[in-house]
2 protein chains.
Amino acid sequence: MSDLLERLRGRGWRMTAQRRVVAEVLDGDHVHLTADEVHARAVVKLPEISRATVYNTLGELVSLGEVLEVATDKRAKRYDPNAHRPHHHLVCARCGAIRDVHPDGNPLADLPDSERFGFTVSDVEVTYRGVCPNCAAA
Amino acid sequence: MSDLLERLRGRGWRMTAQRRVVAEVLDGDHVHLTADEVHARAVVKLPEISRATVYNTLGELVSLGEVLEVATDKRAKRYDPNAHRPHHHLVCARCGAIRDVHPDGNPLADLPDSERFGFTVSDVEVTYRGVCPNCAAA
DNA sequence: GCTTGACTTAGACAATGTCTATTGTAGGGT
DNA sequence: ACCCTACAATAGACATTGTCTAAGTCAAGC
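Computed from a predicted structure; not experimentally measured. (Residues numbered from 1 in each chain as written. Chains lettered and ligands numbered in written order. Predicted model: local features only at pLDDT ≥ 70, side-chain atom pairs only at ≥ 80, totals over all residues. Heavy atoms only, no water.)

Colleague: Looking at this structure, I do not really get the protein's contact with DNA strand D. What am I missing?
Modeller: If you check the shell around DNA strand D, you find 19 residues, and the closest are R14, T16, Q18, E48 and T53 of chain B. Looking at DNA strand D alone, sugar and phosphate atoms form 68% of those within 4 Å of the protein. In this structure, R14 of chain B approaches DNA strand D through a side-chain N or O atom, which is 2.7 Å from a base oxygen. For the surface near DNA strand D, the elements supplying multiple residues, two or more each, are α3 (35-45) and α4 (51-63) of chain A together with α2 (17-26) and α4 (51-63) of chain B. Per-element tally for the surface near DNA strand D: the top contributor is α4 of chain A, with three residues. By residue class, the composition of the surface near DNA strand D is seven nonpolar, four polar and eight charged. (Near = heavy atom within 4 Å. Polar contact = N/O pair within 3.5 Å; in protein donor to acceptor, adjacent residues only side chain to side chain. Helix = DSSP H or I, 4+ residues; strand = E, 2+ residues; numbered from the N terminus. Nonpolar A, V, L, I, M, F, W, Y, C, P; charged D, E, K, R; others polar.)

Right, dumping it as structure tokens:
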């Protein structure tokens, strides 16, 4: 993750404690936090960080292409730091747990011209839904 | 759509003017309205209908499997009356227009066991993104 | 160590969705 | 045809998520 900070500094990002903390919170695999969850964790490390800063920083990271916004639940946006390897998501319908997955095949190729309605299609987002082992056991 | 009302009556749904109006508003192809859009259109036909009723009715229709919730934009839930033929969505990144599409293949089959993390996977939701002909011309 | 403009802050505001207490009414029973 | 009663609708408060603004703060270059 420190290479992320380096990259951003190189792009003229001013380095502040707040931004460092947000980046640290997002570090890791299978991380898909909502903005408020990011804020809650950031506050632990830096008590005076404000909600607006977290929202701003997340928005900037998304613009810079370092973090993805995902809409796996219909309530709040989630932020996925795994922006550099294309992947999709598997969501537990009960507890909301999210895993990154890498399906075979290319769904983009599965959309025939006749179903494109003249659109220039550039991207596809796949969300699998099911029940995770924990919830199935309960 | 009147067959929808019949079906629901058969399932013990009490038929009210409000529910009829919400069902009418949702009728049609490629319809993907937000709750507030449904409310706005319902008010035209039945001025005294309340927001809460629209939300309740939409929620019931979803529970009954007659309408789908889709999360194509990250702002508000959208409601899709085309619940009986499986399909996916194609969204314009500029204007937000949504079309129902029917890709080839079955994305569920593309998720290998090794990528299922022990989940029981039951459903998959695919959102294609691109630019529609109107926006491309502008 | 200054200066400056970008960054952060608190809190107001906006949009979307949920809940509650009260009033109204669909549909069955007589 | 009329009444009951349980279910539905209403207005509006409340909750959650996200955006904006004005004022204060600070990182980084000089």
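After presenting the structure, the write-up continues.
Colleague: Sorry, what's going on with the side chain of H87 of chain A here?
Modeller: Residue and element names in this part refer to chain A. The residue H87 is located in the loop between β3 (78-80) and β4 (88-92) in this model. For H87, a relative accessible area of 11% corresponds to the buried category. Polar contacts involving the side chain of H87 include one to the main-chain carbonyl oxygen of R85, which spans 2.9 Å. Polar contacts involving the side chain of H87 include one to the side chain of D100, which spans 3.5 Å. Leave out the neighbours within four places in its chain, and H87 touches L68, D80, N82, D100, V101 and H102. (Buried < 20%, exposed > 50% of the residue type's maximum accessible area, 1.4 Å probe, protein only. Contact = heavy atoms within 4.5 Å.)

Colleague: Looking at this model, I keep getting lost on the protein's contact with DNA strand C. Mind explaining?
Modeller: Taken together, 19 residues sit near DNA strand C, with T16, Q18, E48 and T53 of chain A together with R75 of chain B positioned nearest. Across the atoms of DNA strand C situated within 4 Å of the protein, the share located in sugar and phosphate is 64%. One nitrogen or oxygen atom from the side chain of Q18 of chain A is found 2.8 Å from a sugar or linking oxygen belonging to DNA strand C. Of all the secondary structure elements, the ones that give two or more residues to the surface near DNA strand C are α2 (17-26) and α4 of chain A together with α3 (35-45) and α4 of chain B.

Colleague: I'm lost on α2 of chain B in this one. Help?
Modeller: Residues spaced three or four apart along an α-helix point in a common direction, a consequence of the helix completing one turn every 3.6 residues. Turning to α2 of chain B, its buried residues number three or more, namely R19, V21, V22, A23, V25 and L26 of chain B. Phi turns positive, to about 125°, at G28 of chain B, one or two residues after α2 of chain B.

Colleague: Hey, could you run me through the pairing of strand β4 (residues 88-92) of chain B in this one?
Modeller: Two faces belong to every sheet, and in a regular strand the side chains alternate between them. All names here are of chain B. Of all five residues making up β4, five are buried, and the element is well covered by its neighbours. Because side chains alternate across β4, one face comprises the buried residues H88, L90 and C92, and the other comprises H89 and V91, equally buried. Looking at chain direction, β4 and strand β5 (residues 98-101) are connected through four bridges and run antiparallel. Note that in β5 the partner of H88 across the bridge is V101. Linkage of β4 to β5, two consecutive antiparallel strands, is achieved through a turn of five residues, within which G96 is found at a positive phi near 85°. Note: β4 against strand β6 (residues 120-131), four bridges, orientation parallel. Paired with H89 across the two strands is T127, which belongs to β6. (Pairing = 2+ DSSP bridges.)

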